[in-house]
Structure formats: C-alpha cells, structure tokens
Amino acid sequence: MNRIRQLSPHVVNKIAAGEVIERPASVVKELLENSVDALATRVDVAIADGGSELMRVTDDGEGIHPDDLPLAVASHATSKLCEAADLFQVGTLGFRGEALASIAEVSRFVIRSRQADQTAGTELEVAGGVYRPIGPCGCAVGTSVEVRELFFNTPVRRKFLKQSTTEFGHISEQFTRIALAHPRLHLSLAHNDKPVYELPAVDKLVDRIALFFGGELAKQLIWVESEHENVRVWGYVAHPSQSKANRKGQHLFLNGRWIQDRSLQHALGEAYRGLLMVGRNPITFLFIEMPADLVDVNVHPTKSEVRFRESQKLYRQLLSTIRTRFLGMDLGSELSVRGRPAGLALQPMPTKANPTQQRQLQEDLVSWVKDQTRDWGKPGFEPVYSDPVYRVPEGVGDMAAAPAALVADIAPAVPTPLDHSRWDPPHEVAAAHSSAPLSAPQPAAFGADIRAMQIHDAYLIVETDEGLTVVDQHALHERILYEHLRKRVLDGTVESQRLLVPQPVELAAAEAAVLREHADVLDQFGLCLEEFGTGTVLVTAYPVLLSRHEPTQLVRAVIEAIAETGRDPARRDLLDSLLHMLACKAAIKAGQRLTTEEIESLLAQRHLIDDAHHCPHGRPTALVLSRQELDRQFGRLG
Ligand code: ADP
Ligand code: MG
C-alpha cells in the first residue's frame, strides 16, 4: 500500500471538473451564471463547433479587480461567500468557487476583465491549468471569458463529445433557461458566426416564452400566483390542450435558478390530473421565491438539484395554486371540445396571417377536425351534446327512409344497404326531403364471386382473379361518398334535412362573415344557414349524409375547410375542399366492425378504387398482392 499524499491542485481541479463540467453546455451555464451574478445587463455568447472549439461569454457586469484575477481562476476562491453560515444564505447563482478553476484546468482559457474605475483591462491566460503571467489588455468594462479546445488535455473526455449540433442543442437549452429566468437581461447567442438568438431586454416573461416556444403556446398560457408564509409561486402554466410527451416543457425556477425536482414535478402532474391524456406532460414556466435559508442549494455540484426545508408544504402550495386557478376557470367546458387547440375558435379567420402562420393554423385546424371525428361512431362513443333540441316527438319524420334511400342511391346493386343508421346520432331530424326520387334497394348483383374478410376492424382482404387486394375501409367508403356527393352537388340534388328546431351556432364575427360569403356554395351541399344577430348563425337544414354529426361541429368543420382552401378560394376549389371534408366525416372509420352485408355493400363499389387507388386525401385505398408474387415468394415458380 502506498503512503497517503495530498493531491496536487491540478488533480483536485481535474476531479472537480469531472463533476461540474460534463460537456460544453456546462461551461456556458457556469459562465452565464457568473455574468448574472456580476449584475450584467447584457451578455453575448459566441460558440464554434458546438463548443468544442470555442465558447466565449462577454458581459458588461461589475468586472474583477486586477489583483483578484488569479484568484478568480483558483479553486475554492469566490467573492460570493465568506463563512460557512453563508452557505445557508446563498443569494447568488454561484458560491462554490470552483467553476472557473475547473474550466481552466481542462481547456485553453483566457479571462479579460475591467472594472468601471479602471482605464484598461487585465488579461489572464491559463492552458490546462498552467498560468501565464497576467498583463494589461484592451477591453470594455465587464468580463469576457474565452474557452478553447475543451478537454484537449483529457482526450478520453474529448472523444465522448457528441456531434456539434447535439452539443449546441445542450448549450441552447442552458441559454434558454437563463433567458427565461432573466427577461430583463439582454442576451445573444451565435453559433459558428451565425446569430441564433438576439434577445433584447423585455419586461414580461411571456414575451420571452413566445420567442422561444412560439406565439401559439404563449397564447395558451394561464397566469398563476400565490403567496404563503414568505413563499411566493408565480408564473404561467399552459392550457391542458398544450402538452408534451416528455417533461422538457416543465420549467421550474427557484430564486432565479433553474432547478429539477421530482417532488414538484409530481405536483405538476397531480395539478393536471384528469386534464391530460396518459403519457402527456404539462408545459409550465413556474417561479418559486423563498427566503434563502428555507432551501439548501449546496446538494449537487451543478446546483440544479436543491433540498427544501419544507418540501411537503411547497408541494401542496404548488398543487393548490394551479388547481385552484383551473377550478376558477371552468376549464371543463372548454375541454369538452376535445383536442381542439383552445382559443382557436375565438380567433378571427387568418385573413391577414402570413403564409407560414396560415399554414400552421390550417394544420391545427385539420388535426383538430381529425381528432374531432376520430372516435365518432366507435362503439361506446357518445358525443357530448349540450342541447336536446334534436329530440323529435314520436312519429314526426321518417328516419328510416333517409339512410336506406341514401345507400340505395350510392350502391344501387347491393343486396343489403350499408346501414348508416348504426352510426346515427341521438339527435334526430324533422324530415328528410330530397329532390331526387327515392329508389328502393335492389337485389344483389354479386355474391359467390367475392370472397372477403375484415381484419383489425380496419381493412378488407379481398380475393381477386389476379391475387388479393387489401382495402382500407375508411378510404374506400370516403371515396364512394365523395363520388356520390360530387355528382349530387353538381346535379343540385343533395339530400338535405330541415331541423325541427333551428340550431344556433356562436361564432366569431369573422367566421360568420366567411359563412355569409360562401352561403350559396353551402346551400349546394344542403347546409342552410340564417343570420341571427352578430356572431350567431342558425342552422336550419343540413345534409342527410351528415345526419349523425352534430350541427355545431359540422359548421365549425365547414369554416375550417374553407380556411384550408386559403384566401379567396376559387369556387371549384372550395367545392372540392368541402367535398373532401364531408366525405371524410361521413365515411365509416377504421375501428368499426362491419357485418358481412356491409362489407359486400362496400366492395360492390370497389371499382371506384380500381381506377383511383387513392382516397381524396392522397393516401392509398388499396394494396394489391398478385398471385404470381405470392407464388414467387413461396418458391412455387419454376
Ligand atoms: P463562483 O461563481 O462559485 O464564485 P467561479 O469559479 O464561477 O465561482 O468564479 C470565481 C469568482 O470569479 C467569482 O466569485 C467572481 O468573483 C469572479 N467572476 C467570475 N466570473 C465573473 C464575471 N463574469 N464578472 C465578474 N466576476 C466574475
Ligand atoms: Mg460561478
């Protein structure tokens, strides 16, 4: 056994560097924290090659006294702490006095600094822990630290650096945390001489959030605030319609320091319980302020984990702050419009939006419509209806006639009609009227020659002369309805049903205007609307094909389909867009079990997919596997 020796400062610093400096982003974090502690109002960060070549952080803070410069880079030397008791009163981001020493140990390091009362700056260069003599230099008031070739003298660690883009991603994350915690700090970040962020000082946190995470999220933020026994919690939580698959959206700051805390993350999860789907995490920007002696920040070398003296209390405060706010908001009714980015309906149509915004909005709308319609018709799915006006007195109207007639018309040569009434809604209509004569279903034109089965409640496998075809049931039905509806619209013979009690739909003024503008086209689809005061339209009649859909949602989907078509759409494009949307909505969905008759009824129309192998959205409707290919694959040929 060797005798015990005191480790040299180099070795000590290298060990410390291993704990504090994990990767380039750790350097940027430490340097930014030092600038904040030095009361800088502006900090510029320049990075080259993901930080592995260069990281330079320049601030306009207090600077370092020339005589102190060597101390700044010495280990366990700090201006932020005097005695042990101070450890429990930490009011700065740094206090351990080992960051600069660690960094200078594992890089080529230069620090230049000048205090306001000095005429010139002072410079100190350290390469791999070896100091050069300090000397004067030209330099603005403040401090600039340059770190080149990180880990150049610890090759194993240098080899572990990831790709430049990955490392820069981590740097960017650290930069974002500081920027969120300090909106009044002017910050810039450049990578390989290209500006990435230029953030002038702002008064409001929400402006920074919008900059980093987009205006859409910023609009969905809910302000929360509470104070309890010297502990203040404030900030923004996102509406539950905004969520993330991981916890990266959970930004938590304690006394200006970004922290990670399992218990508080759990509290956030609890606050959103029942409001988010399983596997989704809330997005939050929360700030906790408490007297420094209520928390121990000296738990972890990177100071991102802390220990609260009264963690249970804080847990409860955080939970109740958010929960109380949600309760006061009647969030439930907003959420009943499932999946819709809340607030969307309140926004005017994007007439003046730029193309990217418009595209984004359209995408949102489309995904909302998809979400809205996904479960409709699934067994056990019950749409939420607010109003029982559709309950029609017994004997009024002839519900049976509509679906039968409709299907007879679509598929005249089908033995048993596709029973649309299976997916009919709880609301009913007064009467169905059609300008086209109703024809009775006709006998089967096929039978034994089609052999088909449904799999996964989504696909139909069909044996054909050539081999086999796999049909997407939704895509095929959509195609059928599309052709049917298009013919009807062009002939002016769409079946429309009058509502016994017209259904009012509340809209933004701009949305109502869009409907007004295209009223004649909507008429062609059998959707009749009347103005009813500002922002409200009355649905008086709507297409039989859509009878299982709730009129309010239908009107909204129509508005969105119009928005999708873009500004001032040509009549033809608008018709087409509405045709697609309505056909998609009316079609059976994946996930619906079909009876043999229904399968046959669908497949009787499959010539529609034989000549057009794509649904109106461009997805394939059928895949073909030839007999020859099967034989080849099984080695039966030759
Ligand atoms: P700590 O921040 O924990 O004190 P550091 O190693 O990060 O330790 O910094 C050592 C000391 O160097 C600080 O206490 C501070 O006095 C000085 N210092 C470092 N960076 C700056 C800066 N950007 N402006 C002014 N002083 C600085
Ligand atoms: Mg520091």
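Going by the structure above, here's the rest.
Because the structure is a prediction, the values reported are computed rather than measured. (Residues numbered from 1 in each chain as written. Chains lettered and ligands numbered in written order. Predicted model: local features only at pLDDT ≥ 70, side-chain atom pairs only at ≥ 80, totals over all residues. Heavy atoms only, no water.)

**Brief notes about the overall build of the chain**
Our working definition: Runs of E in the DSSP output that reach at least two residues are strands. Runs of H or I that reach at least four are helices, and both are numbered from the N terminus. Relative accessible area decides the class of each residue, using a 1.4 Å probe on protein chains only: under 20% of the type maximum gives buried, over 50% gives exposed, and in between gives partly exposed. Any two residues whose heavy atoms approach within 4.5 Å at even a single point are treated as in contact. All accessibility values rest on the Shrake-Rupley procedure with a 1.4 Å probe; residue burial counts only the protein chains present in the view.
On a plain count of helices and strands, the chain comes out with 21 helices and 26 strands. Looking at the chain as a whole, 49% of its 638 residues are labelled buried. Contacts in the chain between residues at least 24 apart in sequence constitute 71% of all its contacts with a sequence separation of at least 6. Put simply, the chain shows about 31,600 Å² of open surface, and 53% of that area lies on carbon and sulfur atoms.

**Details of the site of ligand 1**
Applied cut-off: If even one non-hydrogen atom of a residue comes within 4 Å of a molecule or strand, that residue is called near it. Any pair of N or O atoms that falls within 3.5 Å is considered a polar contact. Within protein, one atom must be able to donate a hydrogen and the other to accept it, and sequence-neighbouring residues count only if both atoms are side-chain atoms.
Residues in contact with ligand 1 amount to 18 residues; listed here are only the nearest, N34, T78, S79, K80 and G97. A distance of 2.5 Å is found between an oxygen atom of ligand 1 and a side-chain nitrogen or oxygen belonging to S79. Between ligand 1 and the protein, one listed contact pairs an oxygen atom with a backbone N or O atom of L100 at 2.9 Å. Within the complex, 92% of the 530 Å² of free accessible area of ligand 1 lies under protein.

**Points about the sheet that holds strand β14 (residues 257-258)**
Condition: In this analysis, strands are considered paired if DSSP registers two or more bridges between them.
Reading across the sheet, the five strands line up as β10-β11-β16-β13-β14 and stay open at both edges, with mixed pairing between neighbours. At either margin of the open sheet sits one strand with a lone partner, and together these are β10 (221-228) and β14. Where β10 and strand β11 (residues 231-238) come together, eight bridges link them in antiparallel fashion. Opposite S226, over in β11, you have V233 as the bridge partner.

**Regarding the nonpolar core**
Most often, soluble globular proteins keep nonpolar side chains buried together rather than apart. Going by this rule: Joining through side-chain atoms within 4.5 Å is the link that ties buried Ala, Val, Leu, Ile, Met, Phe, Trp, Tyr and Cys residues into a set, and such a set is a nonpolar core. A domain assignment, automatic or from a database, supplies the domain bounds used here.
Counting 60 residues, the largest nonpolar core has L32, V45, F109, I111, V147, F175 and L187 as its most contacted members. It is helix α6 (residues 164-181) that contributes the most residues to this core, seven residues altogether. Each of two domains, domain 1 (9-201) and domain 2 (207-331), supplies a minimum of three residues to this core. Setting aside chain neighbours within four positions, we find F175 in contact with L32, V45, L187, S188, L189, Y197, L199 and F212. Of all hydrophobic cores here, the second largest spans 36 residues; its members include V489, L522, L575 and A586.

**Notes on the packing of aromatic side chains**
Under the convention used in this document: Think of it this way: a Phe, Tyr or Trp ring, Trp meaning its six-membered ring, pairs with another when their centres are within 6.5 Å, and the plane angle makes it stacked under 30 degrees, edge-to-face over 60, tilted otherwise.
Across all of its chains, the model carries nine aromatic pairs by this definition. Relative to F287, the ring of W234 has its centre 4.5 Å away and its plane inclined at 15 degrees; by these criteria the two rings are stacked. Remark: F287 occurs in strand β16 (residues 284-289) and W234 occurs in strand β11; sequence separation between them is 53 residues. Side by side, W234 and F287 carry an identical accessibility label, which is buried. With 4.6 Å between their ring centres and 10 degrees between their planes, F253 and F287 make a pair best called stacked. Remark: F287 occurs in strand β16 and F253 occurs in strand β13 (residues 250-254); sequence separation between them is 34 residues.

**A look at the pattern of salt bridges**
Oppositely charged side chains may form a pair once their charged atoms are brought near each other. Basically, it comes down to this: Here, a salt bridge means any side-chain nitrogen of Lys or Arg that lies within 4 Å of a carboxyl oxygen of Asp or Glu.
Under the counting rule described, the total for this entry stands at 34 salt bridges. The salt bridge partner of R177 is E173, with a shortest N-O separation of 3.2 Å. With R177 and E173 both in helix α6, this residue pair falls four residues apart, about one helical turn. R177 gets classed as buried once you look at its relative accessible area, which sits at 15%. By relative accessible area, E173 is classed as partly exposed at 24%. Through salt bridges that share partners, R56, R112, E123, E146 and R148 make up one connected network.

**Re helix α2 (residues 24-37)**
Note the following rule: Any helix carries an expected span of 1.5 Å times its number of residues minus one.
The end-to-end C-alpha separation of α2 is 20 Å, in line with the 20 Å expected for 14 residues at 1.5 Å each. Of all 14 residues in α2, 13 are buried; the element is thus mostly enclosed. Backbone geometry just downstream of α2 places L39 in the positive-phi region, at approximately 60 degrees.

**Section: the environment of S320**
With respect to the helices, strands and loops of the structure, S320 is situated in helix α10 (residues 311-327). On the basis of relative accessible area, S320 is assigned to the partly exposed category, the value being 38%. The spacing of S320 and A271 is 49 residues in sequence and 7.5 Å in space, taken between C-alpha atoms.

**Considering the packing of helix α15 (residues 509-517) against helix α17 (residues 551-565)**
Stated formally: Fitted lines through C-alpha atoms give the axes, limited to the stretch in contact for helices. The angle between two N-to-C directions lies from 0 to 180 degrees. If an angle is under 35 degrees, it is roughly parallel; if it is over 145, roughly antiparallel; if it lies from 65 to 115, roughly perpendicular; otherwise it is oblique. The residue classification treats Ala, Val, Leu, Ile, Met, Phe, Trp, Tyr, Cys and Pro as nonpolar and Asp, Glu, Lys and Arg as charged. All others, Gly included, are polar.
Between α15 and α17, whose axes approach to 10 Å, the crossing angle comes to 80 degrees. When the axes of α15 and α17 are compared, the pair comes out roughly perpendicular. Of α17, the residues touching α15 (which contributes E511, V514 and L515) are V555, R556, V558, I559 and I562. Counted by class, the contact of α15 with α17 contains six nonpolar, no polar and two charged residues.

**Points about the sheet that holds strand β26 (residues 622-626)**
The four strands lie next to each other as β20-β21-β22-β26, forming an open sheet whose pairing is antiparallel. The open sheet has two edge strands with one neighbour each: β20 (451-455) and β26. In this sheet, adjacent strand axes meet at a mean angle of 20 degrees when their direction is disregarded. Taken together, the five bridges between β20 and strand β21 (residues 459-463) define a ladder with antiparallel strand orientation. Residue A452 lies in a different strand from β21, and its bridge partner there is V462. Packed on one face of the sheet, helix α14 (residues 473-491) meets β20, β21 and β22 (467-472) and runs near 75 degrees to β22. Against the sheet, helix α19 (residues 596-603) contacts β20, β21 and β22, and its axis sits at roughly 70 degrees relative to β21.

**A few points about unusual backbone geometry**
Most peptide bonds take the trans configuration, and most residues that are not glycine carry a negative phi. For L39, which is not a glycine, the phi torsion comes out positive at approximately 60 degrees. Along the chain, the position of L39 falls in the loop between α2 and β1 (42-48). Here L39 falls in the exposed class, since its relative accessible area comes to 59%. Here the phi dihedral of N255 falls at roughly 45 degrees; this positive angle occurs in a residue that is not glycine. Within the secondary structure, N255 is located in the loop between β13 and β14. A relative accessible area of 33% means that N255 is categorised as partly exposed.

**Side note on the pairing of β11**
The two faces of the sheet receive side chains in turn, since in a regular strand these alternate between them. Among the eight residues that make up β11, seven are buried, leaving the element largely enclosed by the rest of the structure. What sits between β10 and β11 in their antiparallel hairpin is a turn of two residues, with E229 showing a positive phi close to 45 degrees. Pairing between β11 and β16: six bridges, direction antiparallel. When the bridges of β16 are listed, R232 appears paired with E289.

As far as function goes, none of this settles anything; it's purely spatial.
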